[in-house]
Amino acid sequence: MTGFRNSRLDASVPALVLLLFSGAAGLAHQVIWTRRLVDVLGASAETFSRVVGAFCIGLALGSALAAARPARTASAWRRVALAELTVALLGLIVLQAPPMADAVRDHWGIGAGLRWGLPAFLIIPPAVAMGLVLPAVLSAVRNPAITLKAYAINTFGGVLGIALTVFIGLPVLGLRGAGVAVCGLSGLLALGAWTAHRALGPTDLPNPSPDLSAGHSARPDFLAPRVASLLAFASGFLVLGLEVTAQHQFAQIAINSHFSGATILAIVLLSLTGSTFALVLREGRGRRWDLGNLLLMAGGVWTLQPLLFLWLRPGLQILPYELAPAAYFLRLTGLAVLTLAPGFVVSGLLFPRLLQSAGEPRTIARLLAWNGLGSWLGAETFQIVVLPSLGLWRTALAAAGTYLLFALPLVRSAGREASPCRPAWRGWRSALALILVWAAVWPRAARWPQVGYAPAERVVAVTTGREGVVATVVRDTNDWRIVFNNSYTLGGSRAQSNQERQAHLPLLLHGSPATVALFGIATGSTLAGAAQNPGIQRLDAFELSPIAVRFAREHFAPFNRSVFDDARVRVFLDDARSGVASTHGVYDVIVGDLFLPWRTGEGRLFSREHFGAVHRALKPDGLFCQWLPLFQLTRLHYEVIVRTFLSEFPNGFLVRGDFYPELPIVGLCGFAGGRSLDAVDWAGVARACERLRAAGTVADPLARHVDGVAMCVVGPLPPPGPGPVNTLDNAWLEWDAGRNVVGLRTPWFVGVPLAEYLRDVVRGSAARLPQQLRAAHDSGQFFLTLEVAARVRAPVLANLQSQILERLPASLRFDPEADWTQWPGSQKPSPGNW
C-alpha cells in the first residue's frame, strides 16, 4: 500500500496541471458556445440564459453521473481522456450551429422548439463530459489532501480561459478560429490524460479507502448528506444569482460591451478562486471557519454591498468613456474588487468548505452535482423573478437575508459546543446584530436609485429585466426618453420627426410598399412613421426588450401616434437576425434601426450573414435600408460595414437622415433585384409623397416632397477598397468597436471628414438623378456644409446663411403645411424671412 500511495503522490502534479488547463478550456468553450448560439438564436437575454443554463445543467449531470458511477482508480485517467476528447469533438460541432440551424429552419420551420432544443442538444452533451473530469481526476489521484487544491486550480483555470478568450482569442482569431484552438486544447488534454493513464494509472489495484485524516475540520463532517447537499445547492443558487445581479449593477456604470462583462465575470471567478486557496492555506489550523460563521459573514457583507457601491458611484455615475483603456479598465477592476470581491470571497468559502469535508470522490461528485443544479436555478430565478420584483439593491439584500436564515440553525448547533475562548461574535449575538442591520437597511433600499438622472429629470418608471434596467425619464421641458442601462437612450420624444423620417425615406424610395419590417422599436416613432404611409398592409416590428415595448405603449403613445393600436402592426419580441432568418420573399421594405456595434451581440446585425438573410427576406424588387450612427463609428468601421453591405447588395447607395455634423445618421440602401440608384422610379417616389401629403398626418418638409427625398439621397456607395468583411465567424466589428469606444483612440466619422466624404459622393452622383431633381440633390450637401460652418463658426457662415432661401427647393418653400421645427439641423429655414 505504501507503493500505491507514492504513485498517487507522483500523480498529483500532472493532475493539477491538467485541471488548470481543463478549467481554462471549459470556460473558454462556454464563452465561444454562447457567442455561437447567439449567432443562431439572437442576442436576446433568453439566448444567453438558455446557453448558460444548458452549460450548468450539463455540468450537474456529469457530476451526478460521476457520483452514480464513480471511476475506478485503474480507469480514472482513461475516463478523463475520453471526456476531454468528447468535449473537443462536440465543440467542433457547436461551431457549425449556424448552418445546422438554417437547415432545420428550411426543412421544418421550427421556431420556439429550435430556441429551446438547440442549446440543450449542442451544449449539454459536452458539458456533461466536462462535469466528469474533476471527479475522475480525484479518483485517479486518490489523495484527499489535494481536493481543495484541485478545485481551486480548476476554477482559476476558468479565469484564465475567459481572459485569454475574450481579450486575445476572439479579437485575434475570430470566433471560429478561437473555437478551433480551444477544441485543440481539449484534444491535447485528452492526449495528456491518456499518457497519464499509461504512465501512472495502475491496472489491478482496488480503490483504497479515502484518507480523511489530513487537515480536515471536524465541523462539516457531522453534516448529514442531505444537509450537505442542500448547502451545496444553496451555495450555487446564491452565488450565480449574485453574479447575475453584479453584472446588472455594473452595466449601469460601465460600457455595455463584451469586454466589460468579461472583466466583471473574471473578478467574480478570481474571488471564488481566492476563497478556495484561503481554505487550502488554513487546512489543519483548527475550526475557526465553521459553516455557521461563513454564512453569517456572507449575509453581513452582502448587506453592506449596495451601500458601498452607491457610496463609491453616487447617483450611479458612469465611468468616463474618455479615459484611456488602461485607466478605464483599471478603474472598473478596482471598483469591482472593492464592491464585489469581499462578498464573493466570503460566499465562495461555503462550497469548498463542504468539499473539504467530503473526502471520497463520490461524495465530491454528488456535491458538485447539487451545486451545478443550484447554479442554473439561481441564475434563472434571479433573472426571471427576483431582479424584476426587487430591483438591483434589494436583490442583493434578499440574498444576504437568505444567507442569514441558513446560518441560524448552524449557529444554534455551534452554540451548544461554545467554549470560553470562543469569540462572542460567532454566536447568537452576532446573528441577531446582523439581522437588525439587515432589517434597518431593507426599507431604505427601496429609495436607492436604479438609474442615474439629472436634477431637472424625473424617473417615470423603471424595471429590471433579463436585458437590463430600462427606465422612462422625462425632463422639465416635456422631453421623454427611454434609457437602457443608464447609458444608452433608446429614443426620445424630441427626436420624433427624425425617427419617423428613418421610415419615410426608404418607403418613399421604394414607391409603393405593402409589407414592411422594422428592426428595433424603441419609442415606436419609426414604426409610427411607417404606419403613416397609406399603402401599407402589414408592418412587422422586431424588438429584443419587452420592457421597452411596454414603456413605448404606456408612456409614448402621444409621440408614436398610438401605433400599437394599429391592426396592421405585429410586434415580435425577437432578435432581428433570427427573426428574419426563416423568412423568404415576404417584404417590400426592411428598415434596420440604429445599432451600436460595440454593444454585446449588435455587431452581428452588420454581418454578411445577416445582410444575406435580409436579402432573402425581400421581394425581388424589395428595398433594404440599414441606418448607421456615424457618431459611434470610425471611418474604418464605416468602410467595413459598407464593404460587407456591398457583398450582398452590390449596387447599394447612400442616403442621409439629417444635416447634423456631430450626430449624423446615414442609411445604406440596396434593392434585392440589383437595381441601382439610376433605376429608382422617381415618378413613383413623387406619387408616394403626394399620398403622404394627402393623408394629412406628416408635416416633415423633407418627407412631403420628392425634392426633399432627393435632398436626402447622397449617391452610389463608393467601393471602400480591400479590407475585412464583417462575418459571424470573425465578429471583426464588435471586437474593434469595443476596443475603440474606451478612450476613443480613433475619432468618430463625423464633422468635416464626413462632410468632405459626402461632398465627393454627391459630386460624382449628380448624373444619376433626373435633371429636375439635381438642384435639390445638391442642396442637401449645401445644408450639411451650412451646419458644419455654423459648428466651427467659419467666416463664410453669413454668406451661406444668405443663400438658404434660394437653395431650398420651391416645393418645400411654398408648402403651407410644412412644420419647419422638424427640420433636421440647427440652421432651420425661417418662413418669416421669405
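The rules behind the values
Residues numbered from 1 in each chain as written. Predicted model: local features only at pLDDT ≥ 70, side-chain atom pairs only at ≥ 80, totals over all residues. Heavy atoms only, no water. Helix = DSSP H or I, 4+ residues; strand = E, 2+ residues; numbered from the N terminus. Rg over C-alpha atoms; globule rule 2.2 N^0.38 Å. Areas by Shrake-Rupley, 256 points an atom, 1.4 Å probe, with all protein chains shown as cover. Lys, Arg positive; Asp, Glu negative; His and termini not counted. Charge placed at Lys NZ, Arg CZ, Asp CG, Glu CD. Contact = heavy atoms within 4.5 Å. Buried < 20%, exposed > 50% of the residue type's maximum accessible area, 1.4 Å probe, protein only. Pairing = 2+ DSSP bridges. Axes fitted to C-alpha atoms, helices over the stretch in contact; angles between N-to-C directions. Disulfide = S-S within 2.5 Å. Core = buried A, V, L, I, M, F, W, Y, C linked by side-chain atoms within 4.5 Å. Parallel < 35°, antiparallel > 145°, perpendicular 65-115°, else oblique. Nonpolar A, V, L, I, M, F, W, Y, C, P; charged D, E, K, R; others polar. Salt bridge = Lys/Arg side-chain N within 4 Å of Asp/Glu carboxyl O. Right-handed = clockwise from strand over helix to strand, strands pointing away. Phe/Tyr/Trp six-rings, centres within 6.5 Å; stacked < 30°, edge-to-face > 60°. Expected span 1.5 Å × (residues − 1). Arc of directions from axis to C-beta.

*Asks:* Even after reading the chapter, I still don't get the overall build of the protein, so can you show me in this structure?
*Replies:* For the protein, the helix and strand inventory stands at 30 helices and 12 strands. Against the globule reference of 28 Å for 834 residues, the protein gives a C-alpha radius of gyration of 30 Å, in line with a compact fold. Referenced to the eigenvectors of the C-alpha coordinate spread, the extents of the protein come out at roughly 100 × 60 × 50 Å. If you sum the accessible surface of the protein, you get close to 31300 Å²; carbon and sulfur atoms cover 61% of it. One way to put it: in the protein the 71 positive side-chain charges average out to a point 10 Å from where the 53 negative ones average out.

*Asks:* What is the right way to look at the side chain of serine 229 in this model?
*Replies:* Mapped onto the secondary structure, serine 229 falls in helix H8 (residues 225-251). Setting aside anything within four residues of it in sequence, one finds serine 229 in contact with Arg366, Leu367 and Trp370.

*Asks:* Looking at this model, I keep getting lost on the environment of valine 385. Mind explaining?
*Replies:* Residue position: valine 385 is located in helix H14 (residues 361-415). The class for valine 385 is partly exposed, based on a relative accessible area of 45%. Considered as a pair, valine 385 and arginine 466 are 81 residues apart in the sequence and their alpha carbons are 9.8 Å apart.

*Asks:* Explain the sheet that holds strand E10 (residues 653-656) to me, please; I cannot follow it from the model alone.
*Replies:* Backbone hydrogen bonds hold the strands of a sheet together, and the pairing may be parallel or antiparallel. Here we have eight strands laid out as an open sheet, ordered E7-E6-E5-E8-E9-E11-E10-E12, and mixed in their pairing. Sheet topology places strand E7 (569-572) and strand E12 (713-716) at the edges, where each strand pairs with a single neighbour. Direction aside, neighbouring strands of the sheet carry axes that sit 20° apart on average. When E10 meets E12, the two strands line up antiparallel, connected through three bridges. Among the inter-strand pairings, valine 655 is bridged to a residue of E12, identified as valine 713.

*Asks:* Honestly, the environment of leucine 332 in this entry has me stumped. Any pointers?
*Replies:* Position of leucine 332 among the secondary structure elements: in helix H11 (residues 325-339). Classification of leucine 332 as buried rests on a relative accessible area of 0%. A C-alpha to C-alpha distance of 51 Å links leucine 332 and serine 512, two positions 180 residues apart in sequence. The contact partners of leucine 332, leaving out residues within four places of it in the chain, are Phe250, Ile253, Ala254, Ser260, Thr263, Ile264 and Leu319.

*Asks:* Sorry, what's going on with the state of the cysteines here?
*Replies:* Simply put, disulfide is the name for a covalent bond between the sulfur atoms of two cysteines. Following the criterion strictly, the structure yields zero disulfides and no others. Here cysteine 625 is not cross-linked by a disulfide; its sulfur's nearest cysteine counterpart is in cysteine 669, at 3.6 Å. Of the cysteine sulfurs around cysteine 689, a residue in no disulfide, the closest is that of cysteine 712, at 10 Å. Since its relative accessible area comes to 0%, cysteine 689 is described here as buried.

*Asks:* Would you explain the nonpolar core in this entry?
*Replies:* The tendency in soluble globular proteins is for nonpolar side chains to be buried as a group. The biggest cluster of nonpolar side chains holds 138 residues, and the ones touching the most others in it are Trp77, Ile123, Val137, Phe250, Ile253 and Phe344. Sorting elements by how many residues they give to this core places H14 first, with 18 residues. With 63 residues, the next largest nonpolar core counts Ile521, Ala530, Ala541 and Leu800 among its residues.

*Asks:* Help me understand the packing of helix H21 (residues 635-648) against helix H25 (residues 732-740), please; the structure alone is not making it clear to me.
*Replies:* Two packed helices can be described by the angle between their axes and the distance between those axes. One can describe the packing of H21 onto H25 by two numbers: an axis separation of 11 Å at closest approach and a directional angle of 170°. Our classification of the angle between H21 and H25 gives roughly antiparallel. Contacts between H21 and H25 involve Leu636, His637, Val640 and Ile641 from the first element and Trp732, Leu733, Asp736, Ala737 and Asn740 from the second. Tallied by class, residues from the contact of H21 with H25 come to six nonpolar, two polar and one charged.

*Asks:* Explanation requested: the pattern of salt bridges in the structure shown.
*Replies:* Across all of its chains, the model carries 24 salt bridges by this definition. Arginine 35 is the partner of glutamate 734 in a salt bridge, and the nearest nitrogen-oxygen pair spans 2.6 Å. Linking glutamate 734 in helix H25 with arginine 35 in helix H1 (residues 2-41), this pair joins segments that are 699 residues apart in sequence. Taken as a pair, glutamate 734 and arginine 35 share a single burial class, namely buried. Between lysine 619 and aspartate 588 there is a salt bridge, and its shortest N-O distance comes to 3.5 Å. Highlighted residues: lysine 619 in strand E9 (residues 618-629) and aspartate 588 in strand E8 (residues 587-592), separated in sequence by 31 residues. Each of the salt bridges in this network shares a partner with another, and the network as a whole consists of Glu457, Arg475, Asp479 and Arg481.

*Asks:* What is the right way to read the sheet that holds strand E1 (residues 457-465) from this model?
*Replies:* The sheet built from four strands is open, its strands ordered E1-E2-E3-E4 with antiparallel pairing. Only two strands of the sheet have a single partner each, and these edge strands are E1 and strand E4 (488-492). Going across the sheet, the axis of each strand differs from the next one's by a mean of 20°, ignoring polarity. Sheet topology note: the strand E3 (residues 480-484)/E4 ladder contains four bridges and is antiparallel. Its bridge partner lying in E4, phenylalanine 484 is registered against tyrosine 488. Sheet contacts for helix H18 (residues 546-555): E1, strand E2 (468-475), E3 and E4; angle to E1, the most-contacted strand, approximately 145°.

*Asks:* Is there a simple way to think about the pairing of E7 in this case?
*Replies:* Moving residue by residue along a regular strand, the side chains alternate between the two faces of the sheet. In terms of strand pairing, strand E6 (residues 538-542) meets E7 through four bridges, oriented parallel. Following the sheet pairing, aspartate 540 is matched in E7 by arginine 570. Handedness of the β-α-β unit built from E6, H18 and E7 comes out right-handed.

*Asks:* What is the right way to look at the packing of helix H16 (residues 496-510) against helix H22 (residues 682-695) in this model?
*Replies:* Between H16 and H22, the least distance of the axes is 7 Å, while the angle of their chain directions is 130°. The orientation of H16 relative to H22 falls into the category oblique. Residues His504, Leu508 and Leu509 of H16 lie in contact with H22, whose contacting residues are Trp682, Val685, Ala688, Cys689 and Leu692. In terms of residue class, the contact of H16 with H22 is built from seven nonpolar, one polar and no charged.

*Asks:* Got a minute to help me understand the side chain of serine 497 in this structure?
*Replies:* Its place among the elements puts serine 497 in helix H16. Serine 497 sits in the buried class, given a relative accessible area of 13%. Leave out the neighbours within four places in its chain, and serine 497 touches Asp700 and Gln822.

*Asks:* Help me understand the packing of aromatic side chains, please; the structure alone is not making it clear to me.
*Replies:* For any pair of aromatic rings, the description consists of the separation of the ring centres together with the inter-plane angle of the planes. In total, this model carries 31 aromatic pairs according to the counting rule given. Ring centres 5.5 Å apart and planes at 65° place the aromatic pair tyrosine 151 and phenylalanine 351 in the edge-to-face group. Here tyrosine 151, found in helix H6 (residues 147-199), pairs with phenylalanine 351, found in helix H13 (residues 350-358); they are 200 residues apart in sequence, far enough to count as distant. Residues tyrosine 151 and phenylalanine 351 agree in their burial class; the two are buried.

*Asks:* Mind showing me how you'd approach unusual backbone geometry here?
*Replies:* Where the residue is not glycine, phi is negative for most of them; where a peptide bond is considered, it is trans in most cases. In this structure, asparagine 486 takes a positive phi of about 65° despite not being glycine. Counting through the fold element by element, asparagine 486 comes out in the loop between E3 and E4. Non-glycine residue leucine 744 carries a positive phi angle of around 45°. Inspection of the secondary structure assignment puts leucine 744 in the loop between H25 and helix H26 (751-763).

*Asks:* Looking at this structure, how should I read helix H3 (residues 76-94)?
*Replies:* Residues lying three or four places apart along an α-helix face the same way, a consequence of the helix completing one turn every 3.6 residues. Here H3 contains 19 residues, and its C-alpha end-to-end distance of 27 Å stays within 8% of the 27 Å for a straight helix at 1.5 Å per residue. Ala76, Trp77, Val80, Ala81, Ala83, Glu84, Val87, Ala88, Gly91 and Val94 are the residues of H3 that are buried. Buried residues of H3 fall within an arc of 165° about the axis and therefore sit on the same side.

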